[in-house]
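# Chains, contacts and geometry: an overview
The lines below spell out each chain.
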Amino acid sequence: MKILSIQSAVAYGHAGNSAAVFPMQRIGVEVLPVYTVNFSNHTGYGAWRGPLIPPSDVAEVITGVEERGAFPTLDAVLSGYQGSEGIADVIIDAVARVKHANPAAVYACDPVMGNAKSGCFVAPAIPDLLRERVVPVADIITPNQFELGFLTGTAPDTLESTIASADAARAMGPRTVLVTSVERPDRPEGTIEMMVVDDEGAWVVQTPFLPMKANGSGDVTAALFTSHYVATGSAPDALARTASSVFGLLEQTYAVGDRELQLVQSQEHFANPRLEFEVRQLR
């Protein structure tokens, strides 16, 4: 499998492509990383150095990849955090060109905007841009529950309302919606859930909740789910593998008390997920 991944990069720690590329490589995916920023560290620290890469330069890199004849061989395009408005046009154009070269290729968009605790933390124009222009051309989206609510103008909280919101998102264009954090009021204490909805049904998986902030874990989740889903075509299988791998990563990170993901140290969880969590079909 070959994936073009258009995301940010950091030198210290793991976020964007610096979180997503290695897990995909570890499960056998050939990744073509294209960087949208080149920062010293992720912005969660409140201070960082390095440039936003101008959209025109990002487009030049993608065109160079196209000129090497790579587009017909790509199985997917993956995008994450969009640091500036102009990147959306570059991604949309790249997706169209990749799909022209290989109609079977899919576009997976992680519509990064924020979360319920912090609110939106992207540039003010980005959420509307994602909702109106980017998400409609995606095949797979991987929002958290807060982002799903914004995209659809709903307030998902129960399993039923989250499925309904996912269906509303699917009506916008994507056929598959992975909700990366479902926090319903009636869930067992100390747990969190992940849900996927596609044409075949809806499934949920429940894992223990670890009380930690893990920048980059969403990037790993989107990357692994996209890889497994494109490889197998099975939403429940991709959900099971992703949930197991990401929990293993978070558990190992929490155990050492480090702020940064223990990505390399957790690689066995990517290559051989334990599959310890039951995936339950909801419809």
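Above: the structure in question.
A short tour of the structure in this document, coming up. Just so it is clear, the structure is predicted and the values come from calculations on it, not from any experiment.

Calculation rules
- Residues numbered from 1 in each chain as written.
- Predicted model: local features only at pLDDT ≥ 70, side-chain atom pairs only at ≥ 80, totals over all residues.
- Heavy atoms only, no water.
- Helix = DSSP H or I, 4+ residues; strand = E, 2+ residues; numbered from the N terminus.
- Contact = heavy atoms within 4.5 Å.
- Polar contact = N/O pair within 3.5 Å; in protein donor to acceptor, adjacent residues only side chain to side chain.
- Pairing = 2+ DSSP bridges.
- Axes fitted to C-alpha atoms, helices over the stretch in contact; angles between N-to-C directions.
- Core = buried A, V, L, I, M, F, W, Y, C linked by side-chain atoms within 4.5 Å.
- Buried < 20%, exposed > 50% of the residue type's maximum accessible area, 1.4 Å probe, protein only.
- Phe/Tyr/Trp six-rings, centres within 6.5 Å; stacked < 30°, edge-to-face > 60°.
- Lys NZ or Arg CZ within 6 Å of the ring centre and 35° of its normal.

Here the focus is the environment of E147. Locating E147 in the fold gives a position in helix α5 (residues 145-152). Residues E147 and R131, 16 residues apart in the sequence, show an inter-C-alpha distance of 9.9 Å. The residues touching E147, leaving out its near neighbours within four places in the chain, are P111, V112, M113 and G114.

Assignment of secondary structure puts R283 in the segment after β11 (279-281). Placed 127 residues apart in sequence, R283 and P156 show a C-alpha to C-alpha distance of 17 Å. In this structure R283 touches I163, D167, R170, V197, G201 and A202, once residues within four positions along its chain are discounted. In this structure the side chain of R283 is engaged in a polar contact, spanning 2.7 Å, whose partner is the side chain of D167.

Time to look at the sheet that holds strand β8 (residues 176-182). If you trace the nine strands from one edge of the open sheet to the other, you get β2-β1-β3-β4-β7-β8-β9-β10-β11, paired in mixed fashion. Edge strands, defined here as strands with exactly one partner in the open sheet, are β2 (30-39) and β11. Bridge count for strand β7 (residues 140-141) against β8 is two bridges, and the pairing is parallel. Of the residues in β8, the one forming a bridge with I140 is T176. In the packing of helix α2 (residues 55-67) onto the sheet, the strands contacted are β1 (2-10) and β2, and the crossing angle to β2 comes to about 165°.

Comment: phi is negative for the bulk of residues other than glycine, and the bulk of peptide bonds are trans. Residue L275 is not a glycine yet carries a positive backbone phi of 55°. Mapped onto the elements of the fold, L275 is located in the loop between α9 (267-271) and β11.

For the rest of this paragraph, the subject is the nonpolar core. What tends to happen in soluble globular proteins is that the nonpolar side chains get buried as a cluster. Judged by nonpolar contacts, the single largest core of 43 residues is most densely connected at I6, I62, Y107 and I141. Here the element with the most residues in this core is helix α3 (residues 85-101); it accounts for eight residues. Residue contacts for I62: discarding those within four places in its chain leaves I6, V34, F71, V90, A94 and R97. In this structure, W203, A238, F247 and L250 belong to the second largest nonpolar core, which totals 37 residues.

The next thing to look at is the packing of aromatic side chains. Tallied over the full model, the rule gives four aromatic pairs. Ring geometry for Y12 and Y45: centres 6.2 Å apart, planes at 65°, overall edge-to-face. Of the two residues, Y12 sits in the loop between β1 and α1 (17-26) while Y45 sits in the loop between β2 and α2, which places them 33 residues apart along the sequence. Between F39 and W48 the ring centres are 5.8 Å apart and the planes differ by 40°, which places this aromatic pair in the tilted class. The exposure class of W48 is partly exposed, given its relative accessible area of 40%. The ring of Y45 has R259 sitting right over it, with the charged end atom 4.1 Å from the ring centre.

Interpretation in functional terms is not warranted from these geometric data alone.
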